[in-house]
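# Structure at a glance
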Amino acid sequence: MPIKIDSDLPARTTLENENIFVMTHERAVAQDIRPLKIAIVNLMPTKEVTETQLLRLLSNTPLQIDITLVRMEGHISKNTNQSHLDRFYKSSEEILNEKFDGMIITGAPVEQIPFEDVDYWDDLCKIMDYAKKNVFCSLYICWGAMAGLYHFYGIDKHVVKTKFSGLYYSKLKDFKEPLMRGFDDFFPVPTSRYTYIDPKDVEKNSDLLLLAESAETGTTIVKSKDNRSIFMTGHLEYDIDTLANEYKRDIAKGIKANLPVNYFTDDNPDLPIHSKWRSTAHLFFSNWLNYYVYQATPYRIENIDN
């Protein structure tokens, strides 16, 4: 089934060229079905790239999904054209009177900054608090996951000197959990950050369940025991060349960057890159949408807790 987007969203062309089923709002209104309402709070600097990455994964289910793109009210984007934001995004303030079946809060390249010093921290906290009562299940990604764990549970991140970059294998902790159905015992997760969450800090909290962890990068996947919040500290949505582009960008800036681990063919940046995480990514997002949103959200969206 399709994902429902604006007909002139730039990501539409890319997705259709990949043979991914998308549907315009005009066609969707003719169908007698309630689509899932999913908000994407996009904190990434290259917003159009992230839009495409997430829409690609959300589209691979038998569900019709109505997407709302959200930006932070008080933050000025330096890497995305303002006309794109004006055309396709709502501000964080604009959605506070709406309800959503699901919400995704993305990562952001600010992990080395104390949470409270991020210029949109107060706005983000407002969105996260709003989501607790007005979104049935929220998915927090990378820095977004760390922000959620810190805001709601007081679990702080730990900073490392050398950046985690590459594919790090995580160990499955609970194969019976619906979110992890179909996962291998160890699975690769694209990672790009200077911070980690200690699994021991998660396990101390009785309201959380640790689902996957990495020996190198710490906590990978956590969920709240009420099933209303999912925290994923990696970037399963990344394109094949995202880590390569980040590595080459850092080198060009004169930053001493290590070669991404388990990533380049024969550790040679000049050889073709092969995805090792695509199936894991589709499985993760499909499980989230099916078991934590579609199967559980009220048919009447206004009945989501308020």
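Residues numbered from 1 in each chain as written. Predicted model: local features only at pLDDT ≥ 70, side-chain atom pairs only at ≥ 80, totals over all residues. Heavy atoms only, no water.

## Quick notes on the pattern of salt bridges
The cut-off we apply is this: Between Lys or Arg on one side and Asp or Glu on the other, a salt bridge is scored when a side-chain nitrogen of the former is within 4 Å of a carboxyl oxygen of the latter.
Applying the stated criterion to the full structure yields 11 salt bridges. Bridged by salt links that share partners, the residues Lys163, Glu246, Arg249 and Asp250 form one connected network.

## Regarding the environment of Asn287
Quick note on the threshold: Numbering of helices and strands starts at the N terminus; helices are DSSP runs of H or I of at least 4 residues and strands are runs of E of at least 2. Two residues form a contact once any of their heavy atoms are found within 4.5 Å. Between N or O atoms, a polar contact is any pair within 3.5 Å; within protein, one atom must be a potential hydrogen donor and the other a potential acceptor, and residues adjacent in sequence are included only when both atoms are from side chains.
Mapped onto the secondary structure, Asn287 falls in helix α9 (residues 278-294). Note: C-alpha distance between Asn287 and Ile127 (160 residues apart in sequence) is 24 Å. Not counting residues up to four positions away in its chain, the partners in contact with Asn287 are Pro178, Leu179, Met180, Arg181, Phe183 and Tyr292. Within polar-contact distance, the side chain of Asn287 engages the backbone oxygen of Arg181 at 2.9 Å.

## What about the pairing of strand β8 (residues 158-172)?
On a regular strand, one side chain projects to one face of the sheet and the next to the other, so that they alternate. Selection rule: Between any two strands, pairing holds if DSSP finds at least two bridges.
As paired strands, β8 and strand β9 (residues 186-196) are joined by 10 bridges and run antiparallel to one another. Paired with Ser170 across the two strands is Phe187, which belongs to β9. Bridge count for β8 against strand β10 (residues 208-214) is two bridges, and the pairing is antiparallel. Residue pairing for β10: Lys171 is matched across the bridge by Glu213.

## Details of the packing of aromatic side chains
For the record, the criterion: Side-chain rings of Phe, Tyr and Trp, where Trp is taken by its six-membered ring, are said to pair if the distance between their centres is within 6.5 Å; with planes under 30 degrees apart they count as stacked, over 60 as edge-to-face, and otherwise as tilted. With a 1.4 Å probe rolled over the protein chains alone, any residue whose accessible area is under 20% of its type maximum counts as buried; one over 50% counts as exposed, and the rest are partly exposed.
This model, assessed by the stated rule, comprises 15 aromatic pairs. On the numbers, 5.9 Å between centres and 40 degrees between planes, the contact of Phe115 with Trp143 is tilted. Of this pair, Phe115 sits in the loop between β6 (100-105) and α5 (121-134) while Trp143 sits in helix α6 (residues 143-153); the two residues are 28 residues apart in sequence, bridging distant segments of the chain. With 6.2 Å between their ring centres and 90 degrees between their planes, Tyr120 and Trp143 make a pair best called edge-to-face. One end of the pair, Tyr120, is in the loop between β6 and α5; the other, Trp143, is in helix α6, and 23 residues separate them in sequence. For the pair formed by Tyr120 and Trp143, the shared burial category is buried. Here the aromatic residues Phe115, Tyr120, Trp121, Trp143 and Tyr150 are joined through ring pairs into a cluster of three or more.

## Re the packing of α5 against α6
Rule in force here: Orientation is described by lines fitted to C-alpha atoms, with helices fitted over the stretch in contact, and by angles between N-to-C directions that extend from 0 to 180 degrees. Put simply, angles under 35 degrees are roughly parallel, angles over 145 are roughly antiparallel, angles from 65 to 115 are roughly perpendicular, and the rest are oblique.
In the contact formed by α5 and α6, the axes pass within 11 Å of each other and the chain directions differ by 75 degrees. The orientation of α5 relative to α6 falls into the category roughly perpendicular. Across from Trp121, Leu124, Cys125, Met128, Asp129 and Lys132 in α5, the residues of α6 making contact are Trp143, Ala147, Gly148, Tyr150, His151, Phe152 and Tyr153.

## Points about α9
Heads up, the condition is: Any helix carries an expected span of 1.5 Å times its number of residues minus one.
Helix length check: α9 (17 residues) gives 22 Å between terminal C-alpha atoms against 24 Å at 1.5 Å per residue, within 8%. Here α9 has its buried residues at Thr280, Ala281, His282, Phe284, Phe285, Asn287, Trp288, Leu289, Tyr292 and Val293.

## A closer look at unusual backbone geometry
Positive phi values are uncommon outside glycine, yet Cys142 reaches one of about 50 degrees. By secondary structure assignment, the location of Cys142 is in the loop between β7 (135-141) and α6. Although it is not a glycine, Asn262 sits at a positive phi angle of roughly 55 degrees. Mapped onto the fold, Asn262 is located in the loop between α8 (242-252) and α9. Residue classification places Asn262 among the partly exposed positions, given a relative accessible area of 40%.

## Regarding the environment of Pro10
The residue Pro10 is located in the loop between β1 (3-5) and α1 (11-17) in this model. According to the relative accessible area criterion, Pro10 is partly exposed, its value standing at 37%. For the pair Pro10 and His84, spaced 74 residues apart in sequence, the C-alpha separation works out to 9.2 Å. In contact with Pro10, other than residues within four places in its own chain, are Glu48, His84 and Phe88.

## Quick look at the side chain of Lys157
Convention followed: Note on charges: Lys and Arg go in the positive column, Asp and Glu in the negative column, and His and the chain ends are not counted at all.
Locating Lys157 in the fold gives a position in the loop between α6 and β8. Buried and unpaired, Lys157 has Asp156 as its nearest opposite-charge partner, separated by 5.9 Å. Within the structure, the side chain of Lys157 is placed 2.6 Å from the backbone oxygen of Glu111, a separation counted as a polar contact. Dropping the residues within four chain positions of it, Lys157 is found in contact with Val110, Glu111, Gln112, Ile113, Pro114, Phe115, Trp143, Met146, Thr195, Tyr196 and Ile197.

## Digging into the side chain of Glu98
Mapping Glu98 onto the fold places it in the loop between β5 (89-91) and β6. A distance of 3.4 Å separates a polar atom in the side chain of Glu98 from a polar atom in the side chain of Lys37. Here Lys90 takes part through its side chain, which lies 2.7 Å from a polar atom of the side chain of Glu98. Not counting residues within four places of it along the chain, the set of residues in contact with Glu98 comprises Lys37, Lys90, Tyr130 and Asn134.

## Here we look at the environment of Lys90
In this structure, Lys90 sits in strand β5. Judged by relative accessible area, Lys90 falls into the partly exposed class, the value being 31%. Between the C-alpha atoms of Lys90 and Phe136, which are 46 residues apart in sequence, the distance is 20 Å. Apart from residues no more than four positions distant in its own chain, Lys90 is found in contact with Thr68, Leu69, Val70, Arg71, Ile95 and Glu98.

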